[in-house]
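Close look at the chain arrangement
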Amino acid sequence: MSTSTSPEVADKAAQLAAYYGPFTGEKEKQALSVPLRLVAAWAKNDAAGIAEVFTEDGIMILPGDVYKVGRGEVLSFMAAAFAGPFKGTGVTGRPVDVRFVGDDVALLRTHGGILAPGETDIAPELAVRSTWVTVLRDGQWQLAAYQNSPRGEGATLRW
């Protein structure tokens, strides 16, 4: 019996290892599944899939005075975005901080951004720093609150 791994499985394992970086604990990986699920839904421009990552009363705050509460509002916003300015886009990111404030609450910070259609690198004006409040509900980590702000060359606020 062969125990070799297919190249696709090995590649996926390498991608996940690169994504998790220093956050290798099982609980860290479980909490970090939230951004992975959101990225996967975004790759399909699946507004419903993104809404399902959130808790029923989850909050999404984005630049430009975007404040959405609940899956319904997130779904409506993302559906309109995928029909307009986010059509064909992707998102990417990497975790830079994971903190557990309880057995069922984790604060995540990521650096990433929106990928324009066909791009593999984030344009400076689309780079963001994100904060994710994740909670364990019914055995699955979900997104209770998400907020991002511009970072790097794309940041609009200068001190």
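Anything mentioned here points back to the structure above.
From a predicted model like this one, the values you see are computed outputs, not experimental measurements.

**Quick look at the pattern of salt bridges**
The tally for this structure, following the rule as stated, stands at four salt bridges. Across the salt bridge formed by Glu26 and Lys29, the nearest N and O atoms sit 4.0 Å from each other. Pair noted here: Glu26 and Lys29 are both in helix H2 (residues 26-31), with a separation of three residues, about one helical turn. Given the relative accessible area of 53%, Glu26 is considered exposed. Ionic pairing is found between Lys27 and Asp103, a salt bridge with its closest N-O pair at 3.7 Å. You can see Lys27 sitting in helix H2 and its partner Asp103 sitting in the loop between strand S3 (90-102) and strand S4 (105-115), a full 76 residues away along the chain.

**Focus on the pairing of S4**
Most of S4 is tucked away, with eight of its eleven residues classed as buried. Here eleven bridges tie S3 to S4, and the two strands are oriented antiparallel to one another. Following the sheet pairing, Pro95 is matched in S4 by Thr110. Counted along the chain from S3 to the antiparallel partner S4, the turn is two residues long. As defined by bridge partners, S4 adjoins strand S5 (residues 127-137) across nine bridges and the pair is classed as antiparallel. Paired with Gly113 across the two strands is Ala127, which belongs to S5.

**Describing the packing of aromatic side chains**
In total, this model carries five aromatic pairs according to the counting rule given. What links up through ring pairs into an aromatic cluster is the set Trp42, Phe82 and Phe86.

Rules behind the numbers
- Residues numbered from 1 in each chain as written.
- Predicted model: local features only at pLDDT ≥ 70, side-chain atom pairs only at ≥ 80, totals over all residues.
- Heavy atoms only, no water.
- Salt bridge = Lys/Arg side-chain N within 4 Å of Asp/Glu carboxyl O.
- Helix = DSSP H or I, 4+ residues; strand = E, 2+ residues; numbered from the N terminus.
- Buried < 20%, exposed > 50% of the residue type's maximum accessible area, 1.4 Å probe, protein only.
- Pairing = 2+ DSSP bridges.
- Phe/Tyr/Trp six-rings, centres within 6.5 Å; stacked < 30°, edge-to-face > 60°.

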